[in-house]
Amino acid sequence: MIRLHRGYALAALALFAIEVVIALYVRDRFVRPYLGDTLAVLLVYCGLRAVTRLEVVPAALAAFGVAALVELGQLIGILDLLGWRDNALARTVLGTGFDWKDVLAYAAGACIAVLAERFKPR
């Protein structure tokens, strides 16, 4: 059953805004590739928690799974398979190159989500 949890929805919107700023204005070797990937998992996590009744760990695992599927798409060249290589939005959202370090950043995002839930004030 779908529901709307405003706190998670606002957090997802804030994370989305941060991700847009990173995508548009940051060109470095840490924030954009790794912090951006970590935040992307948190964005998906908050989005899932905003509209579903998934508990913390299943939502964190699902968010990690979405990110891992995107990375797998990079490994198999999904942009080329779909003919989207020249689409800037697709390149930004789906990425252009597989990197195991990205998978670690995704795992970090999932762990941060679980830890944040564990230690957030009630």
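Structural data are supplied above this passage.
Undergrad: Outline the overall build of the protein, listing residues and values.
TA: The helix and strand tally for the protein stands at six helices and zero strands. Listed by position from the N terminus, the elements making up the protein come as α-α-α-α-α-α. The globule rule puts the C-alpha radius of gyration for 122 residues at 14 Å, and the 15 Å found for the protein is close to it. When its C-alpha atoms are laid out on the principal axes, the protein stretches across 45 × 30 × 25 Å. Expressed as a percentage of contacts within the protein between residues at least 6 apart in sequence, the contacts between residues at least 24 apart total 62%. Accessible surface, the protein as shown: approximately 7,900 Å² in total, 71% of it carbon and sulfur. A distance of 9 Å separates the average location of the 13 positive side-chain charges in the protein from that of its 10 negative side-chain charges.

Undergrad: A description of empty space enclosed by the protein should follow, citing residues and the corresponding values.
TA: Going through the model one piece at a time under the given rule, you end up with one cavity of 30 Å³ or more. Reported here for the largest cavity is a volume of approximately 30 Å³. Lining the largest cavity, in full, are Gly73, Gln74, Gly77, Ile78, Leu79, Arg85, Leu94, Gly95 and Thr96. Contributions of two or more residues to the lining of the largest cavity are made by helix H3 (56-76) and helix H4 (78-82).

Undergrad: Run through the pattern of salt bridges, naming residues and quoting values.
TA: In this structure the tally under the stated criterion is three salt bridges. Residues participating in the shared-partner salt-bridge network are Arg49, Glu117 and Lys120.

Undergrad: Kindly report on the layout of surface pockets, identifying the contributing residues and their values.
TA: When its volume is computed, the largest pocket comes out at roughly 930 Å³. The wall of the largest pocket is formed by 31 residues, among which Asp37, Thr92, Val93, Leu94 and Gly95 lie closest to the centre. For the lining of the largest pocket, the secondary structure elements donating two or more residues are helix H1 (6-25), helix H2 (31-51), H3, helix H5 (88-94) and helix H6 (100-119). Considering every element that reaches the lining of the largest pocket, the biggest residue donor is H2, with eight residues. Counted by class, the lining of the largest pocket contains 18 nonpolar, six polar and seven charged residues.

What counts and what doesn't
Residues numbered from 1 in each chain as written. Predicted model: local features only at pLDDT ≥ 70, side-chain atom pairs only at ≥ 80, totals over all residues. Heavy atoms only, no water. Helix = DSSP H or I, 4+ residues; strand = E, 2+ residues; numbered from the N terminus. Rg over C-alpha atoms; globule rule 2.2 N^0.38 Å. Contact = heavy atoms within 4.5 Å. Areas by Shrake-Rupley, 256 points an atom, 1.4 Å probe, with all protein chains shown as cover. Lys, Arg positive; Asp, Glu negative; His and termini not counted. Charge placed at Lys NZ, Arg CZ, Asp CG, Glu CD. 1 Å grid on protein atoms, 1.4 Å probe; cavity = no way out; pocket = protein on both sides within 12 Å on 5 of 7 lines; lining within 4 Å. Points joined across faces, edges and corners; volume = space filled by probe spheres on them. Salt bridge = Lys/Arg side-chain N within 4 Å of Asp/Glu carboxyl O. Nonpolar A, V, L, I, M, F, W, Y, C, P; charged D, E, K, R; others polar.

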